[in-house]
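Observations on chain architecture
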Amino acid sequence: MISLRTLTFLATSPLLGVVLATENNAISKHQGNSSTVQWGTCDSSVITNPAIICGSLEVPLDYHNRFAGKANIAFARLNATGERRGTVFLLPGGPGGSGIEQLNESGDLIASLTGGLYDIVGWDPRGVGTHTIPGEIYCFDSPDEYNTFWNGTIELNGIEETGNFTDPAEIQTLLAQAPTMQRKYAELARRCLRHPSGKYLKYVGTAATARDIVSMADALDGPGSAVNFVGFSYSSLLGSWLVNMFPKRVGKIIIDGVLNPTLMATEESSTVWAKHYLADTDKVYTAFLTGCALAGPENCPIATSENQTAADLDAVVQALIVQAHAAAQKNASVPVTSATIRLALLSLMYEPGGDASFANTTWPQLVAGVQGESSALSRRVSHTPQAFTRSLRRDSTLNEQNQTRSYTSVAILCGDSVDQRGTHMSEVFEEIISSSHNVSKMFSSAWPASFYACPFWPVRAVERYQGPFNKTLANPIMVVSNTLDPVTPLAGAKAVVDLLGNSARLVQQHGFGHTSTAEPSQCLNQVMFAYMTNNTLPEDNETICEVDADFEIFPGVNTAAILKVMGV
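Figured I'd write up the structure that's included with this text.

Conventions used here
- Residues numbered from 1 in each chain as written.
- Predicted model: local features only at pLDDT ≥ 70, side-chain atom pairs only at ≥ 80, totals over all residues.
- Heavy atoms only, no water.
- Axes fitted to C-alpha atoms, helices over the stretch in contact; angles between N-to-C directions.
- Helix = DSSP H or I, 4+ residues; strand = E, 2+ residues; numbered from the N terminus.
- Parallel < 35°, antiparallel > 145°, perpendicular 65-115°, else oblique.
- Contact = heavy atoms within 4.5 Å.
- Nonpolar A, V, L, I, M, F, W, Y, C, P; charged D, E, K, R; others polar.
- Phe/Tyr/Trp six-rings, centres within 6.5 Å; stacked < 30°, edge-to-face > 60°.
- Buried < 20%, exposed > 50% of the residue type's maximum accessible area, 1.4 Å probe, protein only.
- Lys NZ or Arg CZ within 6 Å of the ring centre and 35° of its normal.
- Pairing = 2+ DSSP bridges.
- Right-handed = clockwise from strand over helix to strand, strands pointing away.

Next up on the list: the packing of helix α11 (residues 281-295) against helix α12 (residues 310-330). Contact pair α11 / α12: the axes reach a minimum separation of 8 Å and the direction vectors enclose 105°. When the axes of α11 and α12 are compared, the pair comes out roughly perpendicular. Contacts between α11 and α12 involve Tyr-285, Thr-286, Leu-289, Thr-290, Cys-292 and Ala-293 from the first element and Ala-310, Leu-313, Asp-314, Val-317 and Gln-318 from the second. Class assignment of the residues belonging to the contact of α11 with α12 gives a composition of seven nonpolar, three polar and one charged.

This is the structure we're talking about:
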């Protein structure tokens, strides 16, 4: 999990002095408009790789209104080790993930996959962190203020239900909360606008970030240079917008875990999430249960005997959910609710490498919590869903210094969304109920999720790119997807490739989890390496890479074994 930590720069932070680029040999050898970049050493509490250097670039706050002021983009760079061909810009998903942190964590891997021929740059986009301006978006000043505001609502407690809303009483209980949540989200909008960061809400959109990438490429590689980018999850939308906004600037682009840009441009975000992005989540859940069943009770205690099936284990999980729900009906302050269990499992769907740990550590804790046998668990999950929740943003939504909840993810996502359409909270709840019947029985009721805030978010970005998404690109791009992805299904990648035609190639990793990074594949690494170093892509869209056989989900159980049982 990526956390948002503080990164200090020599360039623009009052904590440090300015260092000219010419004073650093590692910097001065690079071409480009470096005079517009301010460079400096990095905060060692964040950047542990001594080869990484840090800097910032001033850009327009609004590229279409020079009177709006300036933004300042903080970034970090790992220099090429071979004959340099340019810069690859790297960004995780979220929205709201820190590219600087991802560079520190995976920069060496990306450098290897690109043959050491490119500088790798990770940056904190608008709305992320404390050194990019605009920085992190807040609507509350303290955790107490946040908790008081949402006290007694599903924002803190989650949605309670036992079986994809087959019980009419559970449907009525949810719908009865719609007026309260409607008022709360309207008041949240006013709070966010009043907060000091509210003046920046309209400037943190993805279209501006696409223009920031081009500005950084101009500064680092020279005006008009090819733009190279690797983006994951929500940053795949950035990639789609980037290549269609600047088709003649496209160099090497890889997007992985792909959102369908047409859906984002035409449908409300709440609908996109409920109807489309959860399409394969239950299949990933089945993959987890299948692996557990293959591992048996010795290696996965959710199993109670040998030779069980995924359906047998789902019955065990559902029984615990029903038990937790019954306890919550008698005492709303119980430590573990049905919502807690769902959110814990949804978090697990992102990274199958954590399946064994969850089954052997977290699952027994949940069971003990429901049974009231673990006072330690009661202390750990005092705000039950909050202890386990992971939103689409793959990092903490809490500022580490004061634990105040960040609204950066919501601000970017909703700023990119279609205009408000007068949607009522009751309609959002009806979508959740319908999705639980038709899309994801297990996870449609997971709340909160950033997508559900957008119908009520007060601001849209000053610029949104809403198509067309079928431009002819200067160079073809690589589109990557797992066969089963819990929040960005394969259908999104296929949609992008269909739109771009000969300007894109699809590469599928025969695995599960969120983005190809969830599981290792030497096959996929080789395809990426060939593309980045030789401009070689598969001839068609039928390439399927297997997950490495020695990567085990449970002891003795790998991805291929699980998918074989599932018939996938």
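Another aspect to go through is the packing of aromatic side chains. Under the counting rule described, the total for this entry stands at 18 aromatic pairs. Where Phe-89 meets Trp-123, the ring centres are 6.2 Å apart and the plane angle is 90°; that geometry is what we call edge-to-face. Here Phe-89 is found in strand β4 (residues 86-91), whereas its partner Trp-123 is found in strand β5 (residues 118-124), with 34 residues between them in sequence. The same class applies to Phe-89 and to Trp-123, which are both buried. Taken together, Phe-140, Tyr-146, Phe-149, Trp-150, Tyr-185, Tyr-407, Phe-429, Trp-447, Tyr-452 and Phe-456 form an aromatic cluster joined through their ring pairs. Stacked on the ring of Phe-149, the Lys or Arg Lys-184 has its end atom at 4.2 Å from the ring centre. In this structure, Arg-405 is placed above the aromatic ring of Tyr-407, and the distance from its NZ or CZ to the ring centre is 4.2 Å.

Moving on, we get to the environment of Asn-65. For Asn-65, the position within the fold is in the loop between β2 (52-60) and β3 (70-78). By relative accessible area, which is 31% here, Asn-65 ends up partly exposed. Between the alpha carbons of Asn-65 and Val-462 there is a distance of 9.8 Å; along the sequence they are 397 residues apart.

On to the pairing of β5, then. A large share of β5 lies buried, amounting to seven of its seven residues. Alternating positions in β5 separate into two faces, Tyr-118, Ile-120, Gly-122 and Asp-124 on one and Asp-119, Val-121 and Trp-123 on the other, with burial throughout. Pairing of β3 with β5, which is carried by five bridges, proceeds in the antiparallel orientation. Looking across to β5, one finds that Ala-74 is bridged to Asp-124. In terms of strand pairing, β4 meets β5 through five bridges, oriented parallel. Bridge pairing links Phe-89 to Val-121 in β5. Following the chain from β4 across helix α2 (residues 99-113) to the adjacent parallel β5, one finds a crossover that is right-handed.

So, to be careful, I would describe these as geometric facts and stop short of saying anything about function.
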